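# Tertiary structure, described
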Amino acid sequence: GDSVTQMEGPVTLSEEAFLTINCTYTATGYPSLFWYVQYPGEGLQLLLKATKADDKGSNKGFEATYRKETTSFHLEKGSVQVSDSAVYFCALSDILTGGGNKLTFGTGTQLKVEL
Amino acid sequence: KAGVTQTPRYLIKTRGQQVTLSCSPISGHRSVSWYQQTPGQGLQFLFEYFSETQRNKGNFPGRFSGRQFSNSRSEMNVSTLELGDSALYLCASSLGAAGVDTQYFGPGTRLTVL
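Residues numbered from 1 in each chain as written. Chains lettered and ligands numbered in written order. Predicted model: local features only at pLDDT ≥ 70, side-chain atom pairs only at ≥ 80, totals over all residues. Heavy atoms only, no water.

## So, the pattern of salt bridges
Residues and elements named next belong to chain B. Cut-off, in case you're wondering: Here, a salt bridge means any Lys or Arg side-chain nitrogen found within 4 Å of an Asp or Glu carboxyl oxygen.
One pass over the full model with this rule turns up nine salt bridges over all chains. Arg-67 is the partner of Glu-75 in a salt bridge, and the nearest nitrogen-oxygen pair spans 3.3 Å. Overlapping salt bridges bring together Arg-63, Glu-82 and Asp-85 as one network.

## Description of the sheet that holds strand E3 (residues 19-21) of chain A
All names here are of chain A. As a reminder, the rule being used: What makes two strands pair is DSSP finding at least two bridges between them. Here a helix means four or more residues in a row that DSSP labels H or I, a strand means two or more in a row labelled E, and each is numbered from the N terminus. The convention used is that axes are lines fitted to C-alpha atoms, helices contributing only their stretch in contact, and that angles between N-to-C directions extend from 0 to 180 degrees.
Spatial strand order, E3-E9-E8-E7: four strands in an open sheet with antiparallel pairing. The open sheet has two edge strands, E3 and strand E7 (56-59), and neither has a second partner. Strand after strand, the sheet turns through a mean of 15 degrees between neighbouring axes, direction not considered. The pairing of E3 with strand E9 (residues 75-77) spans three bridges and is classified as antiparallel. When the sheet's bridge partners are listed, Ile-21 is paired in E9 with Leu-75.

As structure tokens, this is what we get:
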């Protein structure tokens, strides 16, 4: 079945450092890929998405490129801020036999940004 | 446009009781999915409702059930609660269109079973 593997956390960075969170996936079909972010005590917020190979999703300075050849969707940001501290989830969504979608998530990577 | 809302935000129940959680999707969204989030198992798909019908189901026991109303609002019910049911329950809504659909999440209901 489908699966998502992302790097273990926590990741601790200084403000303005470069961020990479690795994400790889296994899927039988042609999934769409997502990054969601979860702040303490809240639900998941969609950060960015890509629906086909070579697409680049971007939002709020974060970027990720859908790489079919390496089955990866790594999240990057050039300069992190303290406000970026949160848990980041990589996910894939594939169309199910009966229609509809199901999100399969990675385990989440906690990011802590310090001054 | 208002986002996905879930009520209540927090619940405390004891073993053996049952509980009902509610989710109101984004206006115009016809699909509602439910996920369970726990520290040990992470985020797991429970089920999806579309046009008042359960369209997909995850790997959870029959104690977990749900329904969707004609206005797309959804409820999920957990009967005979167990300690392991303590979790954050997240609802997500999407348009329900053919093909891959982006899901938008609510703030969740934190259920504690004592």
